[in-house]
Amino acid sequence: MKHEIYFTLNHEKILHEVKANKTLLQMLREDFDLTGAKEGCGQGECGACTVLLNGKPINSCLVLAVEVDGKEITTIEGLSEGINLDELQKSFITNGALQCGYCTPGMIMTAKGFLNANPTPTLEEIKVAISGNLCRCTGYKRIIEAIIEVAEENQSKD
Ligand code: FES
Ligand code: FES
């Protein structure tokens, strides 16, 4: 059985019919071709599927699509404006904070939601914030440096 949901996806109002048992991750990837969010574990343990729900990072593999009715979803595809990348996307590139890239969209979305709530965090706060996002390649050092760089830019704007 399908349900009609009305929600905002990457700044666009969407009316969509979706099966009751479909996850948000499945809906984004299969119905909207938004393949930035990845399925890693499918159990809420790796963070590869992270998107923002009303500005907060969530594991989209654990949320049913019907639950986003009336809410706002932002995926990695919604961060850039045309060819203009978000500051975190730029910082990940300039700091070499990715290798295979599988974890990267989820990592950036977690960092984005975290910095929205806490624009000038400490190093420890950053480590805790990304602790639910697994990266098997980078060793995290450059990821943390990329996030610190954006946090420092935020600080200089104060
Ligand atoms: S795929 Fe969702 S947390 Fe791993
Ligand atoms: S860059 Fe490969 S898993 Fe993070």
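Residues numbered from 1 in each chain as written. Chains lettered and ligands numbered in written order. Predicted model: local features only at pLDDT ≥ 70, side-chain atom pairs only at ≥ 80, totals over all residues. Heavy atoms only, no water.

Participant: Could you give me a rundown of the environment of Val 51, with the residues and numbers involved?
Facilitator: Secondary-structure assignment places Val 51 in strand 3 (residues 50–53). The class for Val 51 is buried, based on a relative accessible area of 0%. The residues touching Val 51, leaving out its near neighbours within four places in the chain, are Leu 24, Leu 28, Ala 37, Lys 56, Pro 57, Ile 58, Ser 60, Ile 73, Thr 74, Thr 75 and Met 109. (Helix = DSSP H or I, 4+ residues; strand = E, 2+ residues; numbered from the N terminus. Buried < 20%, exposed > 50% of the residue type's maximum accessible area, 1.4 Å probe, protein only. Contact = heavy atoms within 4.5 Å.)

Participant: Which residues make up the pattern of salt bridges, and what values go with them?
Facilitator: For the structure on display, the rule yields 5 salt bridges. A salt bridge links Glu 30 to Lys 22; the shortest N-O distance between them is 3.2 Å. The partner of Lys 127 in a salt bridge is Glu 124, and the shortest N-O contact between them spans 3.8 Å. Linking Lys 127 with Glu 124, this pair stays in helix 4 (residues 123–129), spanning 3 residues, or about one helical turn. Of the residues examined, Lys 127 reaches a relative accessible area of 39% and is grouped as partly exposed. When salt bridges that share partners are traced, they join Lys 22, Glu 30 and Asp 31 into one network. (Salt bridge = Lys/Arg side-chain N within 4 Å of Asp/Glu carboxyl O.)

Participant: Could you give me a rundown of the packing of helix 3 (residues 104–117) against helix 5 (residues 141–157), with the residues and numbers involved?
Facilitator: Where helix 3 contacts helix 5, the axes come no closer than 11 Å and their chain directions differ by 30°. Remark: the crossing between helix 3 and helix 5 carries right-handed chirality. Residues Met 107, Ala 111 and Leu 115 of helix 3 pack against Ile 143, Ile 147, Val 150 and Ala 151 of helix 5. Taken together, the residues of the contact of helix 3 with helix 5 break down into 7 nonpolar, no polar and no charged. (Axes fitted to C-alpha atoms, helices over the stretch in contact; angles between N-to-C directions. Left-handed = near helix turned anticlockwise from the far one by under 90°. Nonpolar A, V, L, I, M, F, W, Y, C, P; charged D, E, K, R; others polar.)

Participant: So, helix 3: which residues are in play, and what are the values?
Facilitator: Between its first and last C-alpha, helix 3 extends 20 Å over 14 residues, near the 20 Å set by a 1.5 Å rise per residue. Most of helix 3 is tucked away: 12 of the 14 residues are buried. Buried residues of helix 3: Thr 104, Pro 105, Gly 106, Met 107, Ile 108, Met 109, Thr 110, Ala 111, Lys 112, Gly 113, Phe 114 and Leu 115, and no others. Where helix 3 is buried, its residues contact strand 3, strand 4 (56–59), strand 5 (72–74), helix 2 (87–94), helix 4 and helix 5. (Expected span 1.5 Å × (residues − 1).)

Participant: I'd like to hear about the domain arrangement of the protein, residue by residue, with values.
Facilitator: Assigned domains within the protein: domain 1 (2–78) and domain 2 (87–157). At the interface, 16 residues of domain 1 touch 14 residues of domain 2. Taking both sides of the interface into account, the surface hidden between domain 1 and domain 2 amounts to around 1,100 Å²; carbon and sulfur atoms contribute 64%. At the junction of domain 1 and domain 2, the tally comes to 4 residue pairs in polar contact (both at pLDDT 80 or more). Among the elements that take part in the side of domain 1 that touches domain 2, strand 3 stands out by supplying 3 residues, more than any other. A per-class count over the side of domain 1 that touches domain 2 returns 6 nonpolar, 7 polar and 3 charged. (Domains from an automatic or database assignment. Buried area = accessible area lost by both parts, 1.4 Å probe. Polar contact = N/O pair within 3.5 Å; in protein donor to acceptor, adjacent residues only side chain to side chain.)

Participant: Before we move on, could you go through the layout of surface pockets and cite the residues and values that matter?
Facilitator: By volume, the largest pocket amounts to about 180 Å³. Taken together, Gly 40, Cys 46, Ala 48, Gln 99, Cys 100, Gly 101, Tyr 102, Cys 103, Leu 134, Cys 135, Arg 136 and Cys 137 make up the full set of residues lining the largest pocket. The residue inventory of the lining of the largest pocket, partitioned by class, reads 8 nonpolar, 3 polar and 1 charged. A domain-level breakdown of the lining of the largest pocket finds at least three residues from each of domain 1 (2–78) and domain 2 (87–157). (1 Å grid on protein atoms, 1.4 Å probe; cavity = no way out; pocket = protein on both sides within 12 Å on 5 of 7 lines; lining within 4 Å. Points joined across faces, edges and corners; volume = space filled by probe spheres on them.)

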